[in-house]
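Listed below, chain by chain, are the residues.
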Amino acid sequence: MSPSHSTRFKNPRAKHDFVGRTCSISGVGSYVPAKVLTNADLARMIETTDEWITTRTGIKERRIAAKNEFTSDLATQAALCAMRRAGVTADQVDLIIVATATPDMPFPSTACLVQRKIGAHRAAAFDLEAACSGFIYGLEIGQQFIMSRTYDTVLVIGAEKLSSIVDWKDRNTCVLFGDGAGAAVLQNRPNSHGLLTAVMGADGRKSDLLFMAGGGSRCPASAESVAAGLHYLRMDGKETFKNAVQAMQTAAEEALRRCEIDISRIKCIIPHQANLRIIEAVGERLGARPEQLFVNVQKYGNTSAASVAIALDEAVSSGQIQRGDLILLVVFGAGLTWGAAVIEW
Ligand code: UT7
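No experiment lies behind these values; they were computed from the predicted model shown. (Residues numbered from 1 in each chain as written. Predicted model: local features only at pLDDT ≥ 70, side-chain atom pairs only at ≥ 80, totals over all residues. Heavy atoms only, no water.)

**Quick word on the site of the ligand**
The local shell around the ligand holds 22 residues, among which Thr-48, Cys-132, Lys-238, Asn-275 and Asn-302 are the closest. At 3.2 Å, a side-chain N or O of Trp-52 approaches an oxygen atom of the ligand. Coverage of the ligand by the protein amounts to 76% of the 960 Å² it exposes when considered alone. A molecule is said to occupy a pocket when more than half its atoms come within 2 Å of that pocket's grid points, and by this definition the ligand occupies the second largest pocket. Secondary-structure elements contributing two or more residues to the shell around the ligand are α3 (50-57), α7 (171-174), α9 (237-259) and α10 (276-286). Looking at which element gives the most residues to the shell around the ligand, the answer is α9, with four residues. Along the lines of polarity and charge, the residues of the shell around the ligand split into nine nonpolar, eight polar and five charged. (Near = heavy atom within 4 Å. Polar contact = N/O pair within 3.5 Å; in protein donor to acceptor, adjacent residues only side chain to side chain. Areas by Shrake-Rupley, 256 points an atom, 1.4 Å probe, with all protein chains shown as cover. 1 Å grid on protein atoms, 1.4 Å probe; cavity = no way out; pocket = protein on both sides within 12 Å on 5 of 7 lines; lining within 4 Å. Sits in = over half its atoms within 2 Å of the grid points. Helix = DSSP H or I, 4+ residues; strand = E, 2+ residues; numbered from the N terminus. Nonpolar A, V, L, I, M, F, W, Y, C, P; charged D, E, K, R; others polar.)

**Side note on the packing of helix α4 (residues 71-86) against helix α5 (residues 110-118)**
Packing of α4 against α5 brings their axes to within 9 Å, and their N-to-C directions diverge by 55°. Considering their axes alone, α4 and α5 lie oblique with respect to each other. Taken as a pair, α4 and α5 cross one another with a handedness that is right-handed. Only Thr-110, Leu-113, Val-114, Lys-117 and Ile-118 of α5 make contact with α4, whose side of the interface consists of Thr-71, Ser-72, Asp-73, Ala-75, Thr-76, Leu-80 and Met-83. (Axes fitted to C-alpha atoms, helices over the stretch in contact; angles between N-to-C directions. Parallel < 35°, antiparallel > 145°, perpendicular 65-115°, else oblique. Left-handed = near helix turned anticlockwise from the far one by under 90°. Contact = heavy atoms within 4.5 Å.)

This is the structure in structure tokens:
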């Protein structure tokens, strides 16, 4: 471990230099479908305006997967990109975790479909459902496997085809979401930088704020369930908004406290990209400067589990994050679930 790490991160919950192993992010990648759906396009489909969507959400456009393009396809493209950048071949991957609320099908897992598509036949594979918080849940779980010496190379993917569960007649929700995927390769790299800590949280008492009722054991697909629109996501926007701001602030503060890092030292804050007003409110509450906040919600809308993974890839690719920079990821989603992670790049 470099001397700077041992002096900077004394808190034992900062797992960076735990038992001589480091959970390093050795490559990131992302993929979004080619089709762009603009606010003007939506205004031709439902009663809305570019002005309403822009001022209430910051979103200008989102990507929509093709009919024959599924969550596993988006995840595969993002994964291959991250693996290429990490210099990792398929046979090196020990574990694939796919965070998604829109799997190709209830089973087998989308992770198994990705395993097949990338040819990582040695890897264990499973899906993780923590809605929009899934990527940080995945990072924390992947880190646990690496620090415990169970695995050396873990692929964490956040991928969604939300267009498949959006009610295109419901203007309250259909303007908000988009499709895409992001991925990270986690590896044990001694004497390197990496994931310092990850916080996860949940509150099932508020599970009715954002949900999809149909398709599970409670309400299997039937002619009636389809007619009632139960296979679409539903959201109480206002309550979700309030809870998002509060939970993201609390999670971010807990992650920073664990690492004994002041917000002023964070080079780039990557919040879940659901709504620009949420991002700005969280930034303000954390005492961050506007230029610390990474924002790409205008291009993709809310891509749920893929959101911070795509943003992380864009921040790295655009040079906004350099080696040694401290990064804060912070997420919130249905469940309710939330999380935050601090990374030394
Ligand atoms: O990823 C999980 C986390 N998700 C979130 O964090 C999303 C959280 N929620 C939000 O981002 C916001 O609550 C929304 C963007 C969903 C809504 O913004 P809002 O400022 O809370 O608006 P509102 O729900 O209070 O709606 C205000 C009005 C309503 O009309 P009335 O009842 O006041 O006449 C809506 O019917 O805006 C109307 N409205 C729209 N008008 C034009 C709702 N959607 C639209 C629309 N276009 N697309």
